[in-house]
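Here is how the chains run, residue by residue.
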Amino acid sequence: MSGHYEAPIREPLIIGHKTYHDITEDIARPIEERAGKLWWASLYAALILFVYGFGCIAYTIGTGIGAWGLNRTINWGWDITNFVWWVGIGHAGTLISAVLLLFRQRWRMSVNRSAEAMTIFAVCQAAIFPVIHMGRVWVGYWVFPLPNQFGTLWTNFNSPLLWDVFAISTYFSVSVVFWFMGLIPDFAMIRDRAKTPFNKKIYTLLAFGWGGKAKHWQRFEELSLVLAGLATPLVFSVHTTVSFDFATSVIKGWHSTIYPPYFVAGAIFSGFAMVQTLLLVARKVCHLEDYITMYHIEIMNIVIVVTGGMVTVAYATEYFIGWYSGSRFEDFTYLSPGAAVGPYWWAFWALIICNLVVPAAFWFKKVRTNIFWTFIIALIINIGMWFERFDIIVINLSRDYLPSSWTMFKPTVIDVGVYLGTIGFFSVLFLLYARTFPVIAQAELKSILKISGETYKAKEGDEHH
Amino acid sequence: MASNKIQFRSIHELKDPTLNAKLAAKEFQNEIPVEDFLDNSENNSGTSRRDFLKLLGFSTAAVTLAACEAPVIKTIPYVVKPHDIIPGIPNFYASSYFDGFDFASVLVKTREGRPIRIDANPAAGSLGTTNARAQASVLSLYDNDKVKKPALNGEEQEDFNKVDDFILKGLTESQAAGKKIVVLSHSFPSPTFKKLFGDFKTKYPSAELVTYDAFPYAAALDAAQEVFGQRALPVYDLSTSQLVVSFNADFLGDFNASSLEVSYAAARKPGENMLRHIQVESNMSLTGANADSRYRLKPSSVFKTLVEVYNGLNGGTSDKLASEIVKELQAKGSNAVVFADGSKAAYVLAHLINQKLGSKAFTGKANFLKEYDNARFNEFVSWLNGGQVGVLITNNINPIYSHAKGQALKSAIEKVPYSVAITDKKNELYKASKAVIPFAHWLESWGDITPETGAYSLMQPTIQKIYTSRQVEESLLVWINGKNNPANNYYNYLKANALTLNGGLSFNKNLYNGFTAGGLSTGLAYSGGNAAQAVAELSAFKPAQLELQLYTKPSIGDGTQSNNPWLMELPDPISRLSWDNYLTISPKDAKSLGLENKLNARMQLDGDTVNLTVNGVTLKDVPVFIQPGQAEGSLGLALGYGKKDSGKVAETGVNAYPLFDGYNTVLTNVKIEKSGEDYEFAGMQLQNTLMGRYEIAKEVSLDDFINKPVDEWNKPLAMHTIGGELPIGKVDLWDAYDDTDGPHFNLSVDLNSCTGCGACVIACQAENNVPVVGKEEVRMSRDMYWLRIDRYYSTEQKVEVYEGLKEGMAVPELYGSNLLGIEGALENAAENPDVIFQPVMCQHCNHAPCETVCPVAATSHGKQGQNQMAYNRCIGTRYCANNCPYKVRRFNWFNYALNDRFDFNMNNDLGRMVLNPDVVTRTRGVMEKCSMCIQLTQNVILEAKKEGRRVQDGEFQVACANACSTGSLKFGDMNDVNSEVRSLFSSNRKYTLLEEIGTKPNVFYHTKIRNRKESLNNK
Amino acid sequence: MSTTKIIYGLYGDDDDLMHGVKAFNDKGIKINEVYTPFPVHGLDKAMPVTELQLGSH
């Protein structure tokens, strides 16, 4: 099996002397054991946020968008900030599962399942905001090109918002299919081990009658390749489209040609940060240290450094071009001297510090191989990327063309509530997932046990000496 | 005994009495056995599955139907349709707007018998122009806080019966007892009213007519008495003047009882003889904001300068500023004119200077609008205190609120045995008076006014009296002729008298025109004036550390209409603050006194408050506003605010009248001490400077305008392309619309003639049902104005690129903490800035950024050039507003109509009567903006179609251009080769706003010209 | 009468499984089906499984 030979100097992806059965046991354990106190506590916490958030949404829809801190000049605030933030977070999942599959990156196998789950849950959160930010939600369906009773009325295909609708929905559906397809054999595994009839029934349904025949496996791998091919362009298309919301406008600071690549890089940047945040917890809680190894973590940190670098370049370009243009209208864009010392200086510096300064620490192996620092920095990056979107939207709008209409934005409790609500919703989904789904693609993982499992590597190492 | 006849309904029934029962049984073949289905007996036999489904279906349908309940709107058809009212077609009536403070000859637009807008009356020339208050007065008619019923001794009456009995009794009694019968009214220049009062006096010889005005022009009238021997203000006409020097005279505002803006604007046409305007003042007034050269001096120094100028003209002066002004005055001679305000002596001197110059601006006509006489009023007060007043009839005034000694008057009035208040509010006077007669709004009244020499203007009701109200004339008739006398008809009385005054016009013709030559013929001529004494008085005026100058705002005026939400929300043209009056102070003084204005996290203003003590009278917690351009050592405070018991809106602000003792607008014995912090102002615009973006509001000095080529001061933008340099219009991403067929509308805005008065803003609000949002929402920067007037403070030296940024750093209130530590690059300059006003409405771009981004195409381009907004297609993503470079789109954050949270005129039936039925009110969640009054232009087109003719130039109207008395706003059809707007388009002063974005607006601007020699600037 | 014999093979390791499959193929014994809990590379070729018409590696 030369094709599957891997140089012994490569770090093992599965450590601890695992047998196939050990893997099965380890993956199935979180699902078959009873949930711990910690899990229940965090679920309750998440539920509370979730309920509060949806109360705030109900209030907004009941009284009007005036419940938020927006004004005549700044017509988007936290709503679209959160939308872009959540969509961005989604990106890592698809990247890991699709692009890395095409590149045959084996290390993806232990993280792709959770990464994709995160993608899907994040996109769910993202989808909430474009809906509730509408002044008249009840006629929101008009954004779909439906045959309608309004005579010749049709959607405006020039509008980036409409492109968003298509981009997001496509992205969501493809991700879901890809994710579920990968889950089928693992569901089957759980099904075969299930003891209570109820669990058996559920997992039987989910497993789609998987038999594990050679043919099944062959089809399975074909299909994952095809879907990966489909999903790959989406990784780039979605955030490109989102960036068009700004890039195609005429507002200074929005009207910027480098937005598409810059947004995609930023999305992957924040996506991986979120994957780190979640996996570092999951791996502790579900005792998966042997599968999500320091090697995995380090690789993902490297991805963060690279995409972070792209983002840095984008920032620098924006700042320089703004200054170089010599246009007084550029004095106060979100990356400009005006922003740096202006009333939003705190937002500006939050962006710079969280996205440029802090992640640079990952250049050092010591930091990037340190669980604690990885977790902290990942969190900071998540915050920083939120600020990036906030700055782009709010700072640019608050200092637009005519000084007479300059204002500033301050969120209301409702703004905050809605945001926390989505975080709660996201956590609820992820917690339930961690308890009921196999969080690691065990079948795939087993196929590489012999190649990069620690034991076998050791063996091979001996043979070659 | 009961009869046993058989009642049968048909012959068949007679044959077979059981027929009915049978038929009934058959009638519903298989009726749904609801009962045995609903009762929970074990064997609910009769109920089949189908019955169940029927029930289910029925109830579902019922519930569904019940759920969608349509709003119930009551409509009442005409039983007999009035011949002159066609539903949907507006009627216009010529009338006179007069509320005791303002006068204007106007056209009233009515729909189905409701007045809904006030238009200027072109026939009346400068007397036929409408300011913000005139425009808004239609809403005061529908004021829900009005007195709705007459009252006697505190209890409301259904009719006037008892009230009249009471008064007639009082009249005869006090007549017998030889007590005074006083009619106390605001200035009332109505010849017919005067005549009527004459009749009243013949009936009751002890009757006296006394005038009381809240803002009385006492000094001006006394000066006129001295100089012209008449208590009437001189009428000025600036149209041929070349120089106007004003000493604290707000002649575009309340000075001289009528604004001079029409002739002022006419004289300021750019060119060799353009009127030059020098303003020497303390407060930053609307007039000062328009000046070519403005000098900030505290009131005492303004007086001194005036004296020096007088001396300079008669002999010589050492004062630098004065001698410069004198030089200019002498150069212009009779083409110059001088105005002064603040004290009698100042007026006298100004008159005498004009006399010496032989100023042509002095027309010799007299303005009769103000009649107050201090001596006379004091006489009345002495009667009052002496208990000699038997009957007191007050007409639409409230001295208890507006007189400095109000409380003293209150107790005195309460002592009057028969006191009648003709009032529109349940205010202090209402409570102090025995009887109350609801005041009839001018739109409900007959009347005539002689505003000035040779001018006669009629007032006619345009709506049936809404409540049981009665105008003073009708009351007088009743009290002369007794109740239910056929002679008690003021219409006939007026008709008879008008014929003697309107120069032989038939009454109906006169009504039709509204305004006509006639009335009084007496004019004014210089006949005296003691210069020495005036000079002495002014020289003796003691300067003080702090000097307070009281003023009236273009919005609220003397406070007569202060319960009018439109006016209360209308931002002050200078400070751009709405819903407040405040103490204006210069930045330097504020610093030295440790008073601050800070911006909060929403970029709204928080100010300190002070306790203001003037001659022992203290006003608590007056908010302080730091006003660039305010003279050091001077303070300003607006009158007319803080009315109690006159409606929620009127209570806004502090009442400054208690300081207005002896009607001195200039007060010297002033002390202030800081009393609090963080008073919440509601600002419309918090960034005061252009931040170096001078192409937004262009201005150029007259010399440059005349002598330098256009490219130096109004260079059209060009873009470097691969095909060389091209004008911005030629470089385009989009296909042009075909606008050749039918009209193509353009709006021209001339920054040179815009005085910032705000009449257009109110006109727009009235025409388009723009909601009032209230102070809290304005403070959230959520005003709903479709048309706003931006005000920028400019500075002398043009700041280079990035200096613009410094400006930003420098304006202290802009950035709470000045991180760069750049100290006031602008601050010093900003102490006496030039001011430039810029009306901004939807620019109706031919390539509109808003149109491309709307996902549902709710906003799209109109055939006639408008950028149209389909409210009921809008889903409220607000993307269009974000992408609008001019930020003219307004979002309905809440329901502003029928919402207790916004308890203004749109929240009560009466107030909603002002709504224009041609324009929908917008609901929550949709975007709205200027429509170029499409309802008006379409109407014109349809009319022309019906008559089968082309639309003439000037027929097309929009509310704002209509209301603009200076002609700054001009609207018209570009496809009409000889339309005015088209000729304006080719002017070399023309530019479009933010041209470089390539939006190709259908609104264009004209560069402002400052008539100034740099040598004169003491900056 | 039929003398068909059926062999059930149970393997604990995928490499042994592959050896087995090869051995059977060499002896010309038809392999009906192979069940595995995870994809075993080369198995589809070795059996062989009919190709999916999606073009493959």
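Heads up: the structure comes first, above all this text.
Since we're looking at a predicted model, the values are computed, not measured. (Residues numbered from 1 in each chain as written. Chains lettered and ligands numbered in written order. Predicted model: local features only at pLDDT ≥ 70, side-chain atom pairs only at ≥ 80, totals over all residues. Heavy atoms only, no water.)

### Regarding the overall build of chain C
What counts is decided by this rule: Numbering of helices and strands runs from the N terminus; a helix is a DSSP stretch of H or I covering at least four residues, while a strand is a stretch of E covering at least two. For each residue, the accessible area found with a 1.4 Å probe, counting protein chains only, is set against the maximum for its type, and the residue is called buried under 20%, exposed over 50%, and partly exposed in between. Accessible surface area values rest on a Shrake-Rupley calculation with a 1.4 Å probe, where residue burial reflects the displayed protein chains alone.
When helices and strands are tallied, chain C shows two helices and zero strands. When burial is assessed residue by residue, chain C has 28% of its 57 residues classed as buried. Summed over all atoms, the accessible surface of chain C reaches about 4,400 Å², with 60% contributed by carbon and sulfur.

### Examining the overall build of chain B
What counts, and what does not: For this measure, only C-alpha atoms enter the radius of gyration; the expected value for a globule follows 2.2 Å times N^0.38, where N is the number of residues. For this analysis, residues touch if any pair of their heavy atoms sits within 4.5 Å. Neither His nor the chain termini are counted; the positive set is Lys and Arg, and the negative set is Asp and Glu. Where a charge lies is defined by one atom per residue type: Lys uses NZ, Arg uses CZ, Asp uses CG and Glu uses CD.
Looking only at helices and strands, chain B features 35 helices and 43 strands. In terms of overall dimensions, chain B is globule-like: its C-alpha atoms have a radius of gyration of 33 Å, near the 31 Å expected for 1019 residues. Over its C-alpha atoms, taken along the principal directions, chain B stretches across nearly 130 × 100 × 65 Å. Across the 1019 residues in chain B, those meeting the buried criterion constitute 60%. For chain B, contacts bridging at least 24 residues in sequence account for 73% of all contacts bridging at least 6. Averaging the coordinates of the 105 positive side-chain charges in chain B and doing the same for the 114 negative ones gives two points 2 Å apart.

### What about the interface of chain C and chain A?
To keep it simple, the criterion reads: Buried area is a sum: the accessible area each of two parts loses on coming together, probed at 1.4 Å, counted once for each and added. Salt bridge, as used here, is a side-chain nitrogen of Lys or Arg placed within 4 Å of a carboxyl oxygen of Asp or Glu. N or O atoms closer than or at 3.5 Å make up a polar contact, with two conditions inside protein: a donor-capable atom paired with an acceptor-capable one, and, for residues adjacent in sequence, both atoms drawn from side chains.
Residue-level contacts link 22 residues of chain C with 19 residues of chain A. With both sides pooled, the region where chain C packs onto chain A buries about 1,900 Å², and carbon together with sulfur makes up 60% of that total. Joining chain C to chain A, the criterion identifies zero salt bridges. Counting across the chain C and chain A interface gives four residue pairs in polar contact (both at pLDDT 80 or more). Those elements that place two or more of their residues in the side of chain C that touches chain A are α1 (14-26) and α2 (43-46) of chain C.

### Quick look at helix α6 (residues 161-176) of chain B
All names here are of chain B. To keep things clear, this is the line we draw: Residue count minus one, scaled by 1.5 Å, sets the expected span of a helix.
For α6, spanning 16 residues, the distance from its first C-alpha to its last is 23 Å, which sits close to the expected 22 Å at 1.5 Å a residue. Where α6 is concerned, the buried positions are Val163, Asp164, Phe166, Ile167, Leu168, Gly170, Leu171 and Ser174. Looking one or two places after α6, you find Gly178, whose phi comes out positive at around 65°.

### Regarding the packing of aromatic side chains
Short version of the rule: Two aromatic rings from Phe, Tyr or Trp, using only the six-membered ring of Trp, form a pair when their centres are within 6.5 Å; if the ring planes differ by under 30 degrees the pair is stacked, by over 60 it is edge-to-face, and anything between is tilted. Throughout this description, the term charge over a ring refers to an Arg CZ or Lys NZ atom that lies within 6 Å of the ring centre and within 35 degrees of the ring normal.
Summed over the entire model, instances satisfying the criterion amount to 96 aromatic pairs over all chains. With a centroid separation of 5.1 Å and 25° between ring planes, the pair formed by Phe745 of chain B and Phe971 of chain B is classed as stacked. Of this pair, Phe745 of chain B sits in strand β33 (residues 745-750) while Phe971 of chain B sits in strand β40 (residues 969-973), and the two are 226 residues apart along the sequence. Just as Phe745 of chain B is buried, Phe971 of chain B falls in that class too. The ring centre of Trp39 of chain A lies 5.7 Å from the NZ or CZ of Arg435 of chain A, which sits over that ring. Above the ring of Phe894 of chain B, the side-chain terminus of Arg901 of chain B is found at 4.1 Å from the ring centroid.

### Observations regarding the pattern of salt bridges
On inspection of all chains with the given rule, the structure shows 68 salt bridges over all chains. Across the pair Lys775 of chain B and Asp580 of chain B runs a salt bridge whose closest N-O atoms are separated by 2.8 Å. Of the two residues, Lys775 of chain B sits in helix α27 (residues 775-779) while Asp580 of chain B sits in the loop between β21 (577-578) and β22 (583-585), which places them 195 residues apart along the sequence. Each member of the pair, Lys775 of chain B as well as Asp580 of chain B, is classed as buried. The shortest N-O distance in the salt bridge between Arg779 of chain B and Asp606 of chain B comes to 2.7 Å. Here the residue Arg779 of chain B occupies a position in helix α27, and Asp606 of chain B occupies one in strand β24 (residues 605-614), the gap between them amounting to 173 residues. What makes Arg779 of chain B buried here is its relative accessible area of 12%. In this structure, a network of salt bridges that share partners links the residues Lys18, Asp26, Arg29 and Asp290 of chain A.

### Observations regarding the sheet that holds strand β42 (residues 1003-1006) of chain B
Residue and element names in this part refer to chain B. What counts here: We call two strands paired when DSSP finds no fewer than two bridges between them.
One open sheet accounts for four strands, arranged β40-β33-β42-β41; its pairing is mixed. At either margin of the open sheet sits one strand with a lone partner, and together these are β40 and β41 (990-991). Pairing analysis gives four bridges linking β33 to β42, with the strands arranged parallel. Paired with Asp750 across the two strands is His1006, which belongs to β42.

### A short note on the pairing of strand β7 (residues 207-211) of chain B
Residues and elements named next belong to chain B. Burial analysis of β7 places five of its five residues in the buried class, the great majority of the element. Alternating positions in β7 separate into two faces, Ala207, Leu209 and Thr211 on one and Glu208 and Val210 on the other, with burial throughout. Alignment of strand β6 (residues 180-185) against β7, held across five bridges, turns out to be parallel. Across the sheet, the residue bridging to Ile181 is Ala207, located in β7.

### Describing the interface of chain A and chain B
Listed by partner, the interface residues are 72 residues for chain A and 69 residues for chain B. Here chain A meets chain B over a buried area of about 5,900 Å², counting both sides, of which 58% is carbon and sulfur. Three residues stand out in chain A for area buried against chain B, namely Arg72, Arg328 and Leu402 of chain A, and they jointly supply 14% of the buried area on that side. Where chain A packs against chain B, one counts three salt bridges. The closest approach of N and O atoms between Lys887 of chain B and Asp400 of chain A, which form a salt bridge, is 3.3 Å.

### Examining the packing of helix α5 (residues 160-193) of chain A against helix α7 (residues 214-247) of chain A
All names here are of chain A. The condition that has to hold: Angular values range over 0 to 180 degrees, each being the angle between N-to-C directions of two axes fitted as lines to C-alpha atoms, with helices fitted over their stretch in contact. Roughly parallel refers to an angle under 35 degrees, roughly antiparallel to one over 145, roughly perpendicular to one between 65 and 115, and oblique to any angle outside these ranges. Helix crossings are classified by the rotation of the near helix relative to the far one: an anticlockwise turn of less than a right angle makes the crossing left-handed, while a clockwise turn makes it right-handed.
In the contact formed by α5 and α7, the axes pass within 9 Å of each other and the chain directions differ by 155°. In terms of axis orientation, α5 runs roughly antiparallel to α7. Viewed along their axes, α5 and α7 form a crossing whose handedness is left-handed.

### Topic: the arrangement of the chains
When the two pairs of chains in contact are compared, the highest contact count belongs to chains A and B. As for chain C relative to chain B, no contact occurs, and the smallest C-alpha gap between them is 39 Å.

### A closer look at unusual backbone geometry
All names here are of chain B. The phi torsion at Asn484 lies on the positive side, around 50°, for a residue other than glycine. In this structure, Asn484 sits in the loop between α18 (472-481) and α19 (490-498). We classify Asn484 as exposed; its relative accessible area is 77%. Here Asn615, not a glycine, exhibits a phi torsion of approximately 45°, which is positive. You can see Asn615 is positioned in the loop between β24 and β25 (617-626).

### A few points about the environment of Ser325 of chain A
All names here are of chain A. Mapped onto the elements of the fold, Ser325 is located in helix α9 (residues 294-325). For Ser325, a relative accessible area of 42% corresponds to the partly exposed category. A polar contact is formed between the side chain of Ser325 and the backbone oxygen of Gly322, at a distance of 2.8 Å.

### Observations regarding the environment of Arg873 of chain B
All names here are of chain B. With respect to the element layout, Arg873 can be found in the loop between β37 (867-869) and α31 (879-882). For the pair Arg873 and Asp222, spaced 651 residues apart in sequence, the C-alpha separation works out to 62 Å. One polar contact links the side chain of Arg873 to the main-chain carbonyl oxygen of Val856, over a distance of 2.8 Å.

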